[in-house]
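Per-entry structural report
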Amino acid sequence: YIGMGSIRTLLFSNMQAKLVVMTTPDLETYFIKRSPYVNHYAYIHHSIVSCHMIYREQAFDHFDSIFCVGPHHIAEIREREKQAGLPAKKLIEHGYGRLDKLLKSIDGIKKRPLRPADVPGRVLIAPSWGENGLLERIGADFIGSLLEYGYQVVLRPHPRTRCLNPSVIDNIELRYSTKSHFRLDEDMSSSKSLFEADVMISDWSGAALEFAFAYERPVLFIDVPRKINNPRYL
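Scope of this entry: the structure provided in the associated data block. Only a predicted model underlies this, so the values are computations on that prediction, with no experimental measurement involved. (Residues numbered from 1 in each chain as written. Predicted model: local features only at pLDDT ≥ 70, side-chain atom pairs only at ≥ 80, totals over all residues. Heavy atoms only, no water.)

Turning to the packing of aromatic side chains, a few remarks are in order. Within the structure shown, the criterion is met by seven aromatic pairs. Taken together, a centroid distance of 5.2 Å and an interplanar angle of 55° make the contact between Tyr43 and Phe63 tilted. Taken as a pair, Tyr43 in strand β2 (residues 38-44) and Phe63 in the loop between β2 and β3 (65-68) lie far apart in primary sequence, 20 residues in all. With a centroid separation of 6.0 Å and an interplanar angle of 50°, the aromatic rings of Tyr176 and Phe182 are classed as tilted. For Phe182, a relative accessible area of 8% corresponds to the buried category. Through a chain of ring-to-ring contacts, the aromatic side chains of Tyr43, Tyr55, Phe60 and Phe63 assemble into a single cluster. Against the face of Tyr30 rests Arg56, its NZ or CZ located 4.1 Å from the ring centre. (Phe/Tyr/Trp six-rings, centres within 6.5 Å; stacked < 30°, edge-to-face > 60°. Helix = DSSP H or I, 4+ residues; strand = E, 2+ residues; numbered from the N terminus. Buried < 20%, exposed > 50% of the residue type's maximum accessible area, 1.4 Å probe, protein only. Lys NZ or Arg CZ within 6 Å of the ring centre and 35° of its normal.)

In C-alpha cells:
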C-alpha cells in the first residue's frame with residue numbers, strides 16, 4: 001500500500017515498468033503522473049457506466065490502452081480523441097469482469113428460495129458517492145421511512161463515502177443499528193447482499209447496472225442531481 005499525498009505522486013512519477021495497469025482515471029492530469037520510465041499505461045474500467053459524464057474531461061486522455069466494457073466506451077473515447085485531436089489509443093473489447101464474476105456466482109448457488117408472504121421485502125440501498133448522493137442528501141430519513149413500512153433494509157455504501165464522508169455512514173449506523181430489520185454491509189468482496197435482495201434502490205451508481213444485469217431484478221432510482229464531473233460531456 002503506497003498511501004496518499006506527495007509520496008504517492010513521487011513514486012508514480014519515477015516508477016520503472018514495461019506496463020502499468022490502472023483502475024484509477026485522471027492519469028497525468030491529477031495526482032498520478034506518467035513516468036518516463038514506463039513504456040505503456042493501460043486502464044481497466046471499474047464500472048459499466050459511460051466514461052464521459054461522471055469522469056473529468058481528460059480522465060482517459062493519457063492512457064495508451066483502454067479495456068472497454070462495451071461499444072459505448074469505444075464510441076465515447078473515439079469521439080473524445082477526435083474532438084481533442086488526440087492520437088488513437090488501443091481499445092480492447094474486454095467486457096466487465098465484475099459482472100462475469102456475479103454471473104458465475106449465481107451458477108454456483110442454489111436457486112434462491114421464494115420469500116414467504118409474511119416476511120418483509122428485502123431492499124438493498126446501494127448509492128454512488130458525492131455531495132449530491134442519496135446518502136448525503138436524504139439517506140438517514142429515507143432509510144427510516146423504509147423501516148417504518150416494515151421492509152428489511154441493507155445499506156451498502158460506496159467505499160468512497162467511507163473515505164470522504166464517514167460521518168454520514170456513522171450517523172445512519174448509530175441511528176438504526178438497534179433495528180432488527182436494518183443491516184450495514186461494507187464488505188465489497190461479498191455479493192451476498194446483492195443475491196438476497198428483492199429490489200435495489202440507487203441514484204447514479206454503476207452498481208445498479210451490475211444488479212440488474214446479473215440478477216434480473218428491479219432497480220428503483222432516487223432522482224437526486226446527476227453526478228456530472230465533466231460539464232462538456234454533451
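Picking up where we left off.
For the rest of this paragraph, the subject is the pattern of salt bridges. Oppositely charged side chains can pair when the atoms bearing their charge come close. All told, the structure shown has 15 salt bridges when counted by the stated rule. Ionic pairing is found between Asp61 and Arg80, a salt bridge with its closest N-O pair at 2.7 Å. Residue Asp61 is located in the loop between β2 and β3, and its partner Arg80 is located in helix α2 (residues 71-84); the two are separated by 19 residues in the primary sequence. The pair formed by Asp61 and Arg80 is uniform in burial state, with each residue classed as buried. Glu196 is the partner of Lys192 in a salt bridge, and the nearest nitrogen-oxygen pair spans 2.8 Å. Of this pair, Lys192 and Glu196 are both found in helix α7 (residues 192-196), four residues apart, which corresponds to roughly one turn of the helix. By relative accessible area, Lys192 is classed as partly exposed at 49%. The class for Glu196 is partly exposed, based on a relative accessible area of 27%. (Salt bridge = Lys/Arg side-chain N within 4 Å of Asp/Glu carboxyl O.)

What follows deals with the sheet that holds strand β7 (residues 182-184). Ordered in space as β7-β6-β5-β8-β9, the five strands form an open sheet in which the pairing is parallel. Looking at the sheet topology across the chains shown, the edges are occupied by β7 and β9 (219-221). Pairs of neighbouring strands in the sheet enclose a mean axial angle of 20°, with direction left out of account. Inspection of the sheet shows strand β5 (residues 122-125) paired to strand β8 (residues 199-202) by three bridges, in the parallel sense. Counted as the bridge partner of Val123 is Val199 from β8. Those strands touched by helix α8 (residues 207-215) are β8 and β9, and its axis lies near 165° from that of β8. (Pairing = 2+ DSSP bridges. Axes fitted to C-alpha atoms, helices over the stretch in contact; angles between N-to-C directions. Contact = heavy atoms within 4.5 Å.)

Of the residues making up helix α6 (residues 166-176), those classed as buried are Val168, Ile169, Ile172 and Tyr176. The arc enclosing the buried residues of α6, seen along the axis, measures out at 95°, which places them on a common side. Check the buried side of α6 and you find it contacts α4 (134-148), β6 (152-155), α5 (159-164) and β7. (Arc of directions from axis to C-beta.)

Now for the nonpolar core. One recurring pattern in soluble globular proteins is that nonpolar side chains are buried together. In terms of nonpolar packing, the biggest core is built from 21 residues, with Met22, Tyr41, Tyr55, Phe60, Phe63 and Ile66 touching the most fellow members. Breaking this core down by element, the ones donating at least two residues are β1 (17-22), β2 and β3. In this structure Ile66 touches Tyr43, His45, Phe60, Ile77, Lys89, Lys90, Leu91 and Ile92, once residues within four positions along its chain are discounted. (Core = buried A, V, L, I, M, F, W, Y, C linked by side-chain atoms within 4.5 Å.)

The next subject is the pairing of β5. Two strands pair when backbone bridges link them, and β5 and β6 are joined in this way by four bridges, in the parallel orientation. For Arg122, the partnering residue across the bridge sits in β6 and is Gln152. Between the parallel elements β5 and β6, the chain passes through α4 in a crossover that is right-handed. (Right-handed = clockwise from strand over helix to strand, strands pointing away.)

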